[in-house]
Amino acid sequence: MAVFRQPITAVVIAFWFFFWLLNGLDKFFARQDVGFVHWWGNHRVEKFSMYFDKLALDPAYVQATLIFAGIVEFAAAGFFVAAAIRLFQGRPGVAYRTDLAITVSIAVFLGFTIFDVIVGDRAELLEHSTYIGVLLVSFLAVAAESFFQHLRDLDSPSTLNRRYPPEAQ
């Protein structure tokens, strides 16, 4: 199974998929009973109302802003789903799809950090900046695993008798 050949990539994909999925759901279900559990989450309506008040914006747009942020986070999760599908199918391009998902995630966090600077929330700025750092480490982990997987493939019995560079025919 392809997942066992790239366990670090699989963990990176799973972590960031669940991160974005649950973070997106938090925008919709925070402080609500969801049937089987009470979803505590972060009370973003309260925070965003304070932000909008600072910016002299109509608080009626808070819910729409949170819904937009949740949809963006679901989209980021979707990029990791695309990488996971490639990984589980054993198709090439897993590292590329994962890199793309990580790049999208960094772009989302950059947007969040810009908003944090505008509203003056230094705690959120530190948190979002830290996530960017963790995403960069995730990128390096996937790249290193891909590189070493390539080296293992070169040493596999199916490639030992090949000539490098290949002879022209």
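Scroll up to find the structure this text is about.
As a starting point, this report considers the structure included with it. Just so it is clear, the model here is predicted, and its values are computed rather than measured.

1. What about the pattern of salt bridges?
- Evaluated as defined, the whole model comprises two salt bridges.
- A salt bridge links Glu73 to Lys27; the shortest N-O distance between them is 3.1 Å. Here Lys27 lies in helix 2 (residues 7-29) and Glu73 lies in helix 4 (residues 62-89), a separation of 46 residues in the sequence.
- Take Glu73: its relative accessible area is 0%, and that puts it in the buried class.
- Where Glu124 meets Lys47, a salt bridge forms, and the shortest distance between an N and an O atom there is 2.6 Å. With Glu124 in helix 6 (residues 122-154) and Lys47 in helix 3 (residues 44-54), this residue pair connects regions lying 77 residues apart in the sequence.
- Looking at Lys47, the relative accessible area reads 23%, which means it is partly exposed.

2. Let's talk about a nonpolar patch on the surface
- A cluster of nonpolar side chains, Leu55, Leu57, Ile114 and Ile118, forms an exposed patch at the surface whose accessible area comes to about 360 Å².
- Of the residues examined, Ile118 reaches a relative accessible area of 53% and is grouped as exposed.

3. Examining helix 2
- With 23 residues, helix 2 extends 32 Å between its outermost C-alpha atoms, agreeing within 8% with the 33 Å of an ideal straight helix rising 1.5 Å per residue.
- Every buried residue of helix 2 is accounted for by Thr9, Ala10, Val12, Ile13, Trp16, Phe19, Trp20, Asn23, Gly24, Asp26 and Lys27.
- Of the residues trailing helix 2, Arg31 is marked for its positive phi of about 65°.

4. Some remarks on unusual backbone geometry
- In the Ramachandran plot, Ala56 falls in the positive-phi region, its phi being about 55° despite a non-glycine side chain.
- Note on placement: Ala56 falls in the loop between helix 3 and helix 4.
- A relative accessible area of 68% means that Ala56 is categorised as exposed.

5. Overview of the packing of aromatic side chains
- Counted by the stated rule, this structure contains 17 aromatic pairs.
- Counting every residue linked through ring pairs, the aromatic cluster contains Phe15, Trp16, Phe19, Trp20, Phe109, Phe112 and Tyr131.

6. Examining the side chain of Thr113
- Tracing the chain through its elements places Thr113 in helix 5 (residues 94-119).
- Excluding its chain neighbours within four sequence positions, the residues that come into contact with Thr113 are Leu125, His128, Ser129 and Ile132.

7. Some remarks on the nonpolar core
- Ile13, Trp16, Trp20, Phe80 and Phe109 are the most contacted members of the largest nonpolar core, which totals 23 residues.
- Looking at this core, the elements that each hand over two or more residues are helix 2, helix 4, helix 5 and helix 6.
- Per-element accounting of this core gives the leading share, seven residues, to helix 5.
- If you look at the next biggest cluster of nonpolar residues, it comprises six residues, including Phe48, Tyr51, Phe52 and Val62.

8. Things to note about the packing of helix 3 against helix 4
- Orientation of helix 3 relative to helix 4, taken along the N-to-C sense of each, is 120°, at an axis distance of 9 Å. In the packing of helix 3 onto helix 4, the handedness of the crossing is right-handed. Counting all contacts with helix 3, which are made through Arg44, Val45, Phe48, Ser49 and Phe52, the residues of helix 4 involved are Val62, Gln63, Thr65 and Leu66.
- In the contact of helix 3 with helix 4, the residues fall into five nonpolar, three polar and one charged.

Each value, and the rule that gives it
Residues numbered from 1 in each chain as written. Predicted model: local features only at pLDDT ≥ 70, side-chain atom pairs only at ≥ 80, totals over all residues. Heavy atoms only, no water. Salt bridge = Lys/Arg side-chain N within 4 Å of Asp/Glu carboxyl O. Helix = DSSP H or I, 4+ residues; strand = E, 2+ residues; numbered from the N terminus. Buried < 20%, exposed > 50% of the residue type's maximum accessible area, 1.4 Å probe, protein only. Patch = residues over 30% accessible without salt bridge, like charges linked within 9 Å, V, L, I, M, F, W, Y side chains within 5 Å. Areas by Shrake-Rupley, 256 points an atom, 1.4 Å probe, with all protein chains shown as cover. Expected span 1.5 Å × (residues − 1). Phe/Tyr/Trp six-rings, centres within 6.5 Å; stacked < 30°, edge-to-face > 60°. Contact = heavy atoms within 4.5 Å. Core = buried A, V, L, I, M, F, W, Y, C linked by side-chain atoms within 4.5 Å. Axes fitted to C-alpha atoms, helices over the stretch in contact; angles between N-to-C directions. Left-handed = near helix turned anticlockwise from the far one by under 90°. Nonpolar A, V, L, I, M, F, W, Y, C, P; charged D, E, K, R; others polar.

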